[in-house]
Amino acid sequence: MTVIKDAAGRFFASFVVETTDVHDPPDTTAEIGIDLGLEHFAVLSDGRKITSPRFLRRAAKKLRKAQQALSRKQKGSANRAKARLDVARAHAKVADARREFHHQLSTELARDNQAVYVETLCVKGLVRTRLAASVHDAGWSAFVTMLEYKTARYGRTFARVDRAFASSQICSHCGHRDGPKPLHVRHWNCGQCGAGHDRDVNAARNILDEGRRITR
C-alpha cells in the first residue's frame, strides 16, 4: 500500500486488489452524440443540455481572498504555512467538485447508452487563448477519459470524432453542408431543406451520425 499526502494536507492510501468484474449495465439500444462546450458543458444529440457548473468561477472570490491573505504573510512564518494550506484546500475543494460532476455524468451516459460518441477538442490550443480559465474549469479531457474507460467497463461502444469534422456546418436533417458560421449564430436554417437548427444540438446529432459511420 502506498500512502501519499497532497498539497492540501490530505492523506490518501492506494492499493491494488484483484476482483471479478460484476458490472451488469441495463440492456439498451440507445446511442448518444456529445458536443462539448463552454456555454453548456455538454449538449446531447437527444436535445438535452447539461449546464456547465463553472466550479472555479463560483469559487473565484474565496480563492482570491485566500491568495491575498497568503501574500500578506511573512515568508518562512508559521502563519504563511497555514495560509498556503488554506489556498491549497480551496483549490482541492474545486477540483473535487469538478471530478464528482464528471464521474456522475460519465457514469450516467456510459450506463444508459450502448454507444457514446464525442468530438475531440484542441485543448492545448484553447488554453493559449482568452478562454483558458474557462477551458481549465470545464476539464473536458478528464471527462472524456472517464467516458472512455467506463464505456469499456460496461461493454459499450465509444469513439472520438475528429475535430476537423464540420459538425456545426452540416444540416443533420438532409446532410447539406451550409458553410461556417460565426460563434454568435446559435440558431440557423438549412439553405437546402429549410430545417431549423439549434447550433449545438445539430452538432451533437452530426457527431452521433459520424460516430456511427466510423465504427460500423
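Structure: above.
Report on the accompanying structure. (Residues numbered from 1 in each chain as written. Predicted model: local features only at pLDDT ≥ 70, side-chain atom pairs only at ≥ 80, totals over all residues. Heavy atoms only, no water.)

Of regular secondary structure, the protein chain possesses seven helices and nine strands. Taking 216 residues into account, the globule formula puts the C-alpha radius of gyration at 17 Å, and the protein chain, at 21 Å, lies well above it. In terms of overall dimensions, the protein chain has C-alpha extents of about 70 × 50 × 25 Å along its principal axes. For the protein chain, the proportion of its 216 residues judged to be buried stands at 39%. (Helix = DSSP H or I, 4+ residues; strand = E, 2+ residues; numbered from the N terminus. Rg over C-alpha atoms; globule rule 2.2 N^0.38 Å. Buried < 20%, exposed > 50% of the residue type's maximum accessible area, 1.4 Å probe, protein only.)

What follows covers the side chain of Arg 199. With respect to the helices and strands, Arg 199 occurs in helix H7 (residues 199-215). The charged side chain of Arg 199 is buried without a salt bridge, its nearest counter-charge being Asp 200 at 4.8 Å. Polar contacts involving the side chain of Arg 199 include one to the main-chain carbonyl oxygen of Lys 181, which spans 3.2 Å. A polar atom in the side chain of Arg 199 sits 3.1 Å from the backbone oxygen of Val 185. If near-sequence neighbours (up to four positions away) are discounted, Arg 199 is found in contact with Ser 168, Lys 181, Pro 182, Leu 183, Val 185, Arg 186 and Trp 188. (Lys, Arg positive; Asp, Glu negative; His and termini not counted. Salt bridge = Lys/Arg side-chain N within 4 Å of Asp/Glu carboxyl O. Polar contact = N/O pair within 3.5 Å; in protein donor to acceptor, adjacent residues only side chain to side chain. Contact = heavy atoms within 4.5 Å.)

With that settled, the discussion passes to the pattern of salt bridges. Oppositely charged side chains may form a pair once their charged atoms are brought near each other. Taken as a whole, this structure holds 13 salt bridges when the rule is applied. Among the salt bridges present, the one from Arg 216 reaches Glu 31, with a minimum N-O distance of 2.2 Å. Here Arg 216, found in the segment after H7, pairs with Glu 31, found in strand S3 (residues 31-36); they are 185 residues apart in sequence, far enough to count as distant. The class for Arg 216 is exposed, based on a relative accessible area of 67%. Between Asp 46 and Arg 48 there is a salt bridge, with the nearest N and O atoms lying 2.9 Å from each other. The network of salt bridges with common partners includes Asp 6, Arg 10, Asp 96 and Arg 99.

Geometric values such as these leave the question of function open.
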